[in-house]
Amino acid sequence: MSLLIKNGEIVTPDARYVADIWCEGETITRIDRDIAPPPGAEVIDATGKFVFPGFIDPHTHIYLPFMGTYSRDTYETASKAALVGGTTTLFDMCCPSRAEEPMAGFETWRAQSEGKSACDYSFHMGVTKFDAGSEAQLREIVARGVQSFKIFLAYKGAFGIDDPELYRTLKLARELGVVVCAHCENETLVAERQRELLAEGITGPEGHYLSRPPSVEAEGVHHLMTFAEMTGARTYIVHLSCVEALREAVAARLRGVEVAVETLIQYLVLDRTYAERGGFEAAKYVMSPPLRDAANQDVLWDGLRSGLVQTVATDHAPFDFAGQKPMGLDDFTKIPNGIPSLEERVNLLYTHGVAAGRIDLQTFVAVASTNAAKQFGLFPRKGAIQPGADTDLVVYDPAYRGVLSKATQIHAVDYNAFEGWEIAGRPAVVTVRGEVAVRDGVFVGTVGRGRFLERATR
Ligand code: URP
Ligand code: ZN
Ligand code: ZN
C-alpha cells in the first residue's frame with residue numbers, strides 16, 4: 001500500500017504550504033516538492049485542495065444505553081458516517097451503569113467495537129461509581145491504554161457520581177496521570193427545576209431548556225474546578241455551551257487549574273430557537289446542556305480564535321424522532337438527550353467557521369484535530385502531517401457545494417438536525433492509515449479495519 005498525494009496545500013496549526021506527501025504502508029515517510037510517482041503507487045491529485053490531518057472527534061456515544069433505550073448508531077454506521085465527514089479517529093464514552101463493574105463495561109465496549117469500526121477509535125472510561133473494587137479495575141483499564149476518565153456531575157441516579165466519588169476519582173487520576181473529562185451540570189438543581197416545571201404543567205420539550213439554565217452549568221464547572229484545584233487533577237470540560245460556564249473555567253485556569261474546554265458544533269451553529277420549535281419538533285434539539293441564546297455563539301467562536309476553547313466535538317448521541325424521542329412525549333425529562341452530528345461536524349465547522357470568516361484554516365485544524373490528539377496522548381501519531389505520523393489525511397475540496405439531508409446521510413438515526421443546510425466544502429478523499437476510505441462522499445473503506453488506539457499516561 002503506497003500513496004502519493006500531489007500538489008495539495010498542507011494545513012496544520014503550525015504551517016501552510018504546497019507539497020507532495022509520500023506514504024508507505026500506514027505511515028507518512030516523506031514530504032517534499034515534486035516527488036516522482038514510484039511505480040505501483042496510487043497518485044491522488046490534490047491541486048486546488050487542502051490537505052488536513054484526519055479529523056478527531058473527542059466525544060461520541062455509540063450504542064449508548066441511556067434513558068431507557070440505546071443511541072442508534074453501531075460502530076459500523078457511526079464510523080462510516082464519521083469517515084465520510086472527514087473524521088478518522090473518534091473517542092467514544094465507555095459508560096457502564098452504576099450497577100455494572102467498570103471492567104464489565106470496558107469489555108462490553110471492546111466487544112461491540114472490535115472488528116466493527118472502519119475508523120480508528122479510543123475510549124474515555126466512564127467512572128460512574130467509585131469504591132475499592134472499581135478503583136482496582138480502573139487501574140487495570142488505564143494499564144490497558146485508556147488514559148482518560150469520564151465523569152458526570154448530572155444524570156442523578158444514572159451515570160452521576162457524588163462528591164466523595166468525585167474527589168477520589170480525581171485523586172486517582174492525578175496519581176495515574178489520567179485526564180478527567182467532565183459533564184458539568186449541577187444535578188440537584190436540574191432535578192428540582194424538573195420537579196417544579198412538571199408540577200406547573202410544563203411537560204413539553206421546552207421544559208428541558210427551562211430546567212437547565214446557564215447557572216446550572218456554571219455551577220457544575222465551578223464545582224469541578226474547586227475539586228480539581230484541591231486534587232491537582234488534569235481536567236477537560238466536555239460540551240461547554242455558554243459564557244457563564246466559560247468564565248468559571250477561565251477563572252480556574254488563571255488560578256493554575258489544568259483545564260481544557262470542549263464545545264460542540266451544535267452550540268456554534270444552533271441556538272435556543274430550535275429547542276423552542278412548535279409541537280414535538282423541539283425534541284429533535286433536546287440535549288444537555290441545552291442549546292443556548294445566540295449571543296453565546298459569538299463568545300464560543302471568539303474562544304476558539306483566542307485559545308480559551310481547545311476543541312470542537314459532537315457529543316454524537318443519536319435517538320430517532322419516531323420511536324425514541326417520543327418516550328418523553330408527555331414528560332420532557334424522559335426525552336432521550338442528544339443531537340446527532342458526527343457526519344456533519346467538520347463540514348459545518350468549515351462552512352460556518354472558515355468560509356464565513358469566523359476562524360482561520362489553522363485554527364480549524366487545531367480545534368477539530370490536533371488539539372484533541374495532544375490532549376489525549378495521540379500526537380504526533382494523529383493530528384499531524386509529518387514523517388512518522390499515521391497516514392490519516394483529508395483532501396478537502398473547498399469548491400464543493402451541497403446540502404445536508406437525512407436522505408443522503410449515513411447515520412442510522414431517522415432525522416438530520418441540519419436538514420436542508422448548505423455546506424461550502426467537503427472531503428474529496430479520506431485515508432485511514434494509508435487506505436483510501438472515502439472518495440467524493442462515498443465510503444469505500446473497510447469495516448473492521450479501524451483500530452483501538454492504546455494511549456500512554458503522561
Ligand atoms: O444530551 C447529551 N449531551 N446527550 C449525551 C449524553 C451526554 O450528556 O453527554
Ligand atoms: Zn454530557
Ligand atoms: Zn456526551
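Higher on the page you've got the structure.
Quick look at the structure, then. (Residues numbered from 1 in each chain as written. Chains lettered and ligands numbered in written order. Predicted model: local features only at pLDDT ≥ 70, side-chain atom pairs only at ≥ 80, totals over all residues. Heavy atoms only, no water.)

### Points about the sheet that holds strand E12 (residues 179–183)
Spatially, E6-E9-E10-E11-E12-E13-E14-E15 is the arrangement adopted by the 8 strands of the open sheet, whose pairing is parallel. Each edge of the open sheet is held by one strand with a lone partner, namely strand E6 (55–60) and strand E15 (311–313). On average, each strand axis in the sheet is inclined to that of its neighbour by 30°, with strand direction left out of account. Bridge analysis of strand E14 (residues 259–264) against E15 gives 3 bridges, and the strand direction is parallel. Bridged to leucine 264 within E15 is alanine 313. The sheet contacts of helix H4 (residues 163–176) involve strand E11 (148–152), E12 and strand E13 (234–237), and relative to E11 the element is tilted by about 170°. The strands that helix H12 (residues 361–375) touches are E6, E12, E13, E14 and E15; relative to E6, the one it contacts most, it runs at about 65°. (Pairing = 2+ DSSP bridges. Helix = DSSP H or I, 4+ residues; strand = E, 2+ residues; numbered from the N terminus. Axes fitted to C-alpha atoms, helices over the stretch in contact; angles between N-to-C directions. Contact = heavy atoms within 4.5 Å.)

### Remarks on the coordination of the zinc ion (ligand 2)
Coordination sphere of the zinc ion (ligand 2), protein contribution only: His183 (ND1) and His239 (NE2), at 2.1 Å. Separating the zinc ion (ligand 2) from the zinc ion (ligand 3) is a gap of 3.6 Å. Highlighted residues: histidine 183 in strand E12 and histidine 239 in the loop between E13 and helix H8 (243–254), separated in sequence by 56 residues. With relative accessibility at 1%, the residue histidine 183 sits in the buried group. (Donors = N, O, S within 2.8 Å, 3.2 Å for Na, K, Ca; no water. Buried < 20%, exposed > 50% of the residue type's maximum accessible area, 1.4 Å probe, protein only.)

### Some thoughts on the packing of helix H2 (residues 102–113) against helix H3 (residues 132–143)
Remark: H2 packs on H3, axes separated minimally by 8 Å, with the N-to-C direction vectors making an angle of 35°. Across from Pro102, Met103 and Phe106 in H2, the residues of H3 making contact are Ser134, Gln137, Leu138, Glu140 and Ile141. In terms of residue class, the contact of H2 with H3 is made up of 5 nonpolar, 2 polar and 1 charged. (Nonpolar A, V, L, I, M, F, W, Y, C, P; charged D, E, K, R; others polar.)

### Points about the coordination of the zinc ion (ligand 3)
Protein coordination at the zinc ion (ligand 3) comes from His59 (NE2), His61 (NE2) and Asp315 (OD), with a distance range of 1.9 to 2.1 Å. Of note, the donors binding the zinc ion (ligand 3) are all from one chain and are spaced H-x1-H-x253-D.

### Let's talk about H2
Relative to the 16 Å expected for 12 residues at 1.5 Å per residue, H2 spans 17 Å between its end C-alpha atoms, a close match to the ideal helical length. Every buried residue of H2 is listed here: Pro102, Met103, Gly105, Phe106, Trp109, Gln112 and Ser113. Contact partners of the buried residues in H2: strand E7 (65–66), helix H1 (75–84), strand E9 (87–94), strand E10 (120–126) and H3. Of the residues one or two after H2, glycine 115 is the one with positive phi, at around 75°. (Expected span 1.5 Å × (residues − 1).)

### With respect to H4
The end-to-end C-alpha separation of H4 is 20 Å, in line with the 20 Å expected for 14 residues at 1.5 Å each. Of the positions making up H4, those classed as buried are Glu165, Leu166, Thr169, Leu170, Leu172, Ala173 and Leu176. Each buried residue of H4 sits inside an arc of 160° when the element is viewed along its axis, so together they form one side. Looking one or two residues past H4, glycine 177 carries a phi angle of roughly 75°, positive in sign. (Arc of directions from axis to C-beta.)

### With respect to the side chain of asparagine 416
Mapped onto the secondary structure, asparagine 416 falls in the loop between strand E16 (393–403) and strand E17 (422–432). Given a relative accessible area of 6%, asparagine 416 falls into the buried group. Within the local environment of asparagine 416, its side chain forms a polar contact with the side chain of glutamate 344, the two groups lying 3.0 Å apart. Apart from the residues within four sequence positions on either side, asparagine 416 is in contact with Glu344, Leu404, Ser405, Lys406 and Gln409. (Polar contact = N/O pair within 3.5 Å; in protein donor to acceptor, adjacent residues only side chain to side chain.)

### Remarks on the site of ligand 1
The immediate surroundings of ligand 1 are formed by His59, His61, Tyr155, His183, His239, Met287, Ser288, Asp315, Ala317, Asn337 and Gly338. Contact distances for ligand 1 include 3.0 Å between an oxygen atom and a side-chain N or O atom of histidine 183. Within the backbone of asparagine 337, one N or O atom sits 3.1 Å away from a nitrogen atom of ligand 1. In isolation ligand 1 exposes 260 Å². Once the protein is present, 100% of that is buried. A class-by-class count of the residues in the shell around ligand 1 yields 3 nonpolar, 7 polar and 1 charged. (Near = heavy atom within 4 Å. Areas by Shrake-Rupley, 256 points an atom, 1.4 Å probe, with all protein chains shown as cover.)

### Overview of the packing of helix H7 (residues 214–231) against H8
It is at 7 Å that the axes of H7 and H8 come closest, and there the two elements cross at 15°. One finds that H7 runs roughly parallel with respect to H8. Relative to H8, the crossing made by H7 is right-handed. Contacts between H7 and H8 involve Pro214, Glu217, Ala218, Val221, His222 and Met225 from the first element and Glu244, Ala245, Glu248, Ala249 and Ala252 from the second. Considered class by class, the residues forming the contact of H7 with H8 number 7 nonpolar, 1 polar and 3 charged. (Parallel < 35°, antiparallel > 145°, perpendicular 65-115°, else oblique. Left-handed = near helix turned anticlockwise from the far one by under 90°.)

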